[in-house]
Amino acid sequence: MATNRTIELEPNEVALIIGEEDGSMTVRVVPAVEPEDGTEMSEPLEISVALATRLLEDPDFHDDVLEWYEEQEDAEDEDEPETDEDEEKDEKAPKG
């Protein structure tokens, strides 16, 4: 079932759209404004194209990105201060 979603990009923004089709990754780069012929790509567009290309051509990069992301999530979880509820659970836990 296809779902259509419309997003509005600022003139200086680029969308990197990652999907999956028949078990393979698909990547699209959509700039808010198409660059004119003969002009240099903007930095956001160039970075998006580079990421899209690397994702499609380097399977290890895909895994590295996911691993990095999961490490960031783990680090954030460790940095979160304990809530009062967590402290109460610790106090009620049997010691020994």
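Predicted, not measured: the structure shown is a model, and the values here were computed from it.

A. Geometry of the overall build of the protein. Along the protein, the regular secondary structure elements total three helices and two strands. Ordered by position from N to C terminus, the α and β elements of the protein give β-β-α-α-α. Within the protein, the fraction of its 96 residues that count as buried is 8%. Across the protein, contacts joining residues at least 24 apart in sequence account for 24% of those joining residues at least 6 apart. Counting every atom, the protein has about 8800 Å² of accessible surface; 46% of that belongs to carbon and sulfur.

B. Here's a closer look at the pattern of salt bridges. This structure, assessed with the given rule, holds one salt bridge. D58 serves as the salt-bridge partner of R54, at 3.0 Å between the closest nitrogen and oxygen. Of the residues examined, D58 reaches a relative accessible area of 22% and is grouped as partly exposed.

C. The packing of helix α1 (residues 43-57) against helix α2 (residues 59-79), seen in detail. Direction vectors running N to C along α1 and α2 enclose 110°, while the axes themselves pass 5 Å from each other. By the angle between their axes, α1 is roughly perpendicular relative to α2. Taken together, the residues of α2 that come into contact with α1 (itself represented by L51, R54, L55 and E57) are P59, F61 and H62. Grouping the constituent residues of the contact of α1 with α2 by class yields four nonpolar, one polar and two charged.

D. Representation of a nonpolar patch on the surface in the model. Judged by side-chain polarity, L16, I18, I47 and L51 come together as a nonpolar surface patch covering roughly 320 Å² of accessible area. Among the elements of the structure, β1 (14-21) and α1 are those that each provide at least two residues to the nonpolar patch. When you line up the elements, L51 lands in helix α1. With a relative accessible area of 34%, L51 lands in the partly exposed category.

Cut-offs applied
Residues numbered from 1 in each chain as written. Predicted model: local features only at pLDDT ≥ 70, side-chain atom pairs only at ≥ 80, totals over all residues. Heavy atoms only, no water. Helix = DSSP H or I, 4+ residues; strand = E, 2+ residues; numbered from the N terminus. Buried < 20%, exposed > 50% of the residue type's maximum accessible area, 1.4 Å probe, protein only. Contact = heavy atoms within 4.5 Å. Areas by Shrake-Rupley, 256 points an atom, 1.4 Å probe, with all protein chains shown as cover. Salt bridge = Lys/Arg side-chain N within 4 Å of Asp/Glu carboxyl O. Axes fitted to C-alpha atoms, helices over the stretch in contact; angles between N-to-C directions. Parallel < 35°, antiparallel > 145°, perpendicular 65-115°, else oblique. Nonpolar A, V, L, I, M, F, W, Y, C, P; charged D, E, K, R; others polar. Patch = residues over 30% accessible without salt bridge, like charges linked within 9 Å, V, L, I, M, F, W, Y side chains within 5 Å.

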